Amino acid sequence: MTTRDGQRVGEAAQHPGTAPARTRPRRAAALLAGAAMFAGLLQAQTAPAAHADSSGQAVDVSVDSLSPAVPTKGDTLTVTGTVTNKGKQTITDAEMGVEVAPGGPLTSRSAIGTAAGRGTYSPGIDGYEISGRTAALQDLSAGMSRSFTLKIPVKDLHLGADGVYQLGVSLAGQTRSTGYRQILGVERTFLPWYTTASAKSTRYTFLWPLIDRPHLAVRSEGDDQQSPIFLDDHLAQDLAPGGRLQQLVTLGRNLPVTWVVDPDLIATVDAMTRRYQVAGPGGDLDHTTSGTGTDDAKRWLTDLKTALTGDEVIALPFSDPDIASIAHHGKNVAGTLAHLNTATELAATTFETVLHITPATDVAWPVQGAVDPSIVDVATSAGADKVIARSDSLGEPSKPSYTPTSARPIGGGTTAVVADAGLSEGFEGDMMRAENATLAIQKFLSQTLMVTMQAPDRQRSIVVAPQRMPSASQAQAMAQAIASVESSAWAEAADFSAAAKATPDPRANRKVPRGSAYPSSLRKRELSTEAFRQIQATQARLNGFLVILSRKDRVTTPFTTALLRSMSTEWRGNPGGAASFRSAIGTYLSDLMGLVQILPKTGTLTLSGRSGTIPVTVKNELGQTIEGLTLELSSSQGNSMDPGAPQPVTVEGGHTRSLKFAATAARNGLNTITAQLYTKDHVAYGKPITFTVDVTSITSTVMVVIAAGLLLLVLAGVRMYHQRKRRAVPGDGGDDEGDDEDAKAAQDGEDAEENTADGTVKGTAGAQDGAAPGQPGDPAADTAAQSKDPSGTGEKVDR
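Caption draft 1: How the structure looks around the overall build of the protein chain. Looking only at helices and strands, the protein chain features 22 helices and 30 strands. Considering only residue pairs separated by 6 or more positions, the protein chain has 78% of its internal contacts joining residues 24 or more positions apart. For the protein chain, the exposed area adds up to about 35100 Å²; of that, 52% sits on carbon and sulfur atoms.

This is the structure:
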């Protein structure tokens, strides 16, 4: 008796009107034991395998390759894979076989998914082993794996009409607890079979995404080249041979695809072609290391330009802004839509500057193609007249018997290009495992054939839009599937523009679903309204900073691109990283703005008299000249003191400038003075500083000088008195000359007293500012070190 004779009853019924799957001779003894075999069959179908896994199977069957993927008459099908005993008992008398499901080709696309998800083996659904095409295996102990290879001539499969056939690869054997042979594990895959080529071919548009997450920090190195700083060096790995992005370009240039590219990736890689730095551990931007990807970046850009030549290219808005988040949370925040428009304009500029290519910029691609009216409105406001939707969002309420053409006019001159959800999601799993890749490819090919067979007399245009950032292994599986479909007789490739212009199916749905239908799983991952408010607050402060700069472009470009990156779709799933990125932009802007400041004063300044000059120093540590600022002083004592008129401020990069204000006071006393910088629109810039001015009519120094002068006069008077008294003594003459000398000495003392008082005040003022009084706007020290010294205690104001 053959190994699976008990499971082969009724095999001739698999394909009505055809010969039996095998004609193996049977012994007479087998005929006499027919009833016993039938009973064994019933038992084999109902008895559970010992210690089966969650799928109900004791053995895991992995189909690692199937060649050819699309067989034709005369081919030999080769199947390789591995089997693993997941039970606790040894499997003996093990044998691999292949089954074709009965009933001919599958009748719908949903039947493919149903068959793929089915668990345990059932002969009525899975069919019976192809006779004579089995492969025996050695016993499998618990946990053991063995590889296998099966070769089956296609003619032995007895495939009939064109269509998709279910193919099973199974292991039969027995364990000690059952005592009889049974199917212990099966893996199902699918065979596209198309020999007559009588149907109208379907036009397929395959989108090939070239997108990555943001990598550049807003800060750059303070060298002459302003070397960019990267948050990490992961992009270097993706650009290297075998890396994700390198594989996408290498594979894509040989495929009939439409490229969908984020211009930020192009700009970022272009920045890597020169010297760049990488942040230290934890994103430390103060301790950077040199980047390692310069050579690979240059090579990648060259290869990309070659790959794009002659192909259609869609440029997403710069940094791929999250259109759905903007529609649901950001459009009512002032400035957000302006950012989106800027991103669209920057997309074309980036391509033309770096690659010298003019891409299409009128296409929007919301996350997973999920749309609602607000998403469409935001997309069109940024200049898009084509929106890539997906069939599980803009579905078919009437459930037609075939897949309609992708193009759908949805009003207002906008076309929804609806990608097929089943085909678009086909390679989202772990394609590192050969089994997963093989099954995904066969399922993808079978789905495309099924689309054609649904309406063989109707030519349609179908779009496939995969995940935004496919891995290298996913890209490899996608490339193999696309190449197979493109070379098949049931399909032909077409560009995206052709798909968008295709004649819409009159019965296809053209109504955009309401906002309430938008998937909650996607809504939970969107940027919040507060995130957009933070972005706008940073933009407002940036606008206030730009007005004082002589070289605005050196700040505008890095901050504009950074703010666009903060709205990127690729932040989904990483809210912490998105928040840190936004905060880093604001922090760096604050640091830059703080490099223009009024130097503080310590102690009290003294105004000797009713008027004088007050010096205030402005420091500019930026690498460019600042202009358009005004420095104003104000007094807390109201009309008691006028600190002087506002003065314009212009300071070269890396310099300081001292401005002198002509102050007048109405009365003595302490005055608190506030110094504040203002922009041309009289918006306060930076932090104000305060200091105290003490107004006195007569200074203490002058009082000392006057007292000394009075003392000299008194002493001179006493001396004159004694001289005159001595002259009154008889015989004492000739003192007139001495009296004249004494009088002259007294007069000289008065003159000396007056000159000393005047020189003290002016000398102090000169020491304060190093320049003659009454010269506002004179330059102070040009170096940062000189400008850091605050005014000393008891500083005096120039008179």
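Here the narrative resumes.
Caption draft 2: Broad picture of the pairing of strand S29 (residues 684–696). Pairing of strand S22 (residues 604–608) with S29 involves five bridges; the strand directions are parallel. By the bridge assignment for S29, Leu607 is matched with Val695. Direction of pairing for strand S28 (residues 669–678) relative to S29: antiparallel, over a ladder of nine bridges. The partner of Asn671 across the bridge, within S29, is Val693.

Caption draft 3: Layout of the pairing of strand S9 (residues 216–220). With four of five residues buried, S9 lies mostly within the body of the structure. Here two bridges tie S9 to strand S10 (residues 228–230), and the two strands are oriented antiparallel to one another. From the neighbouring strand, Ser220 faces S10, where its bridge partner is Pro228.

Caption draft 4: Structural detail: the nonpolar core. One finds Phe545 and Leu631 to be the most contacted residues of the largest nonpolar core, which totals 78 residues. Broken down by element, the residue count for this core peaks at seven residues, all from helix H19 (residues 575–593). Membership of the second largest hydrophobic core comes to 67 residues, among which are Val313, Ala440, Ile462 and Ala491.

Caption draft 5: Structural context of a nonpolar patch on the surface. Among the surface-exposed residues, Leu711, Leu712 and Leu715 lie close enough to one another that they form a single nonpolar patch of about 300 Å² accessible area. Assignment of secondary structure puts Leu711 in helix H20 (residues 700–727). With relative accessibility at 52%, the residue Leu711 sits in the exposed group.

Caption draft 6: Main features of the layout of surface pockets. The space that makes up the largest pocket amounts to roughly 1200 Å³. Every residue lining the largest pocket is counted, 41 residues in all, and those nearest its centre are Ser220, Gln226, Arg554, Thr557 and Pro558. Ranked by residues supplied to the lining of the largest pocket, first place goes to helix H18 (residues 553–565) with nine residues. In this structure, the second largest pocket spans a volume of roughly 640 Å³.

Caption draft 7: Region of the structure containing the pattern of salt bridges. Counted by the stated rule, this structure contains 25 salt bridges. One salt bridge in this structure joins Asp385 and Lys386, with 2.9 Å as the shortest N-O distance. When the shortest N-O distance is used, the salt bridge between Arg408 and Glu396 registers 2.7 Å. Of this pair, Arg408 sits in strand S17 (residues 407–411) while Glu396 sits in the loop between strand S16 (386–390) and S17, placing them 12 residues apart in sequence. For the pair formed by Arg408 and Glu396, the shared burial category is buried. Through salt bridges with shared partners, a single ionic network connects Asp93, Glu95 and Arg181.

Caption draft 8: Seen up close, the sheet that holds strand S25 (residues 641–642). Strand order in this open sheet of four strands is S21-S23-S27-S25, and the pairing throughout is antiparallel. If you trace the sheet from one side to the other, it starts and ends with strand S21 (596–598) and S25, each paired once. Direction of pairing for strand S23 (residues 611–620) relative to strand S27 (residues 655–665): antiparallel, over a ladder of 10 bridges. If you follow Thr613 over to S27, its bridge partner there is Ala662.

Caption draft 9: Representation of empty space enclosed by the protein. Summed over all chains, the structure comprises six cavities of 30 Å³ or more. The calculated volume of the largest cavity comes to roughly 70 Å³. Considering the residues around the largest cavity, the lining is formed by Phe206, Leu207, Trp208, Leu423, Ser424, Phe427, Phe444, Val464, Pro466, Met478 and Ile482. Of all the secondary structure elements, the ones that give two or more residues to the lining of the largest cavity are strand S8 (202–210), helix H12 (421–424) and helix H14 (472–486). Looking at which element gives the most residues to the lining of the largest cavity, the answer is S8, with three residues. Looking at the lining of the largest cavity, its residues break down into 10 nonpolar, one polar and no charged. Along the walls of the second largest cavity sit Pro317, Ile323, Leu340, Thr344, Thr361, Val363, Ala364, Ala379, Ala382, Gly383 and Ala384, which together make up its complete lining.

About the cut-offs
- Residues numbered from 1 in each chain as written.
- Predicted model: local features only at pLDDT ≥ 70, side-chain atom pairs only at ≥ 80, totals over all residues.
- Heavy atoms only, no water.
- Helix = DSSP H or I, 4+ residues; strand = E, 2+ residues; numbered from the N terminus.
- Contact = heavy atoms within 4.5 Å.
- Areas by Shrake-Rupley, 256 points an atom, 1.4 Å probe, with all protein chains shown as cover.
- Pairing = 2+ DSSP bridges.
- Buried < 20%, exposed > 50% of the residue type's maximum accessible area, 1.4 Å probe, protein only.
- Core = buried A, V, L, I, M, F, W, Y, C linked by side-chain atoms within 4.5 Å.
- Patch = residues over 30% accessible without salt bridge, like charges linked within 9 Å, V, L, I, M, F, W, Y side chains within 5 Å.
- Salt bridge = Lys/Arg side-chain N within 4 Å of Asp/Glu carboxyl O.
- 1 Å grid on protein atoms, 1.4 Å probe; cavity = no way out; pocket = protein on both sides within 12 Å on 5 of 7 lines; lining within 4 Å.
- Points joined across faces, edges and corners; volume = space filled by probe spheres on them.
- Nonpolar A, V, L, I, M, F, W, Y, C, P; charged D, E, K, R; others polar.

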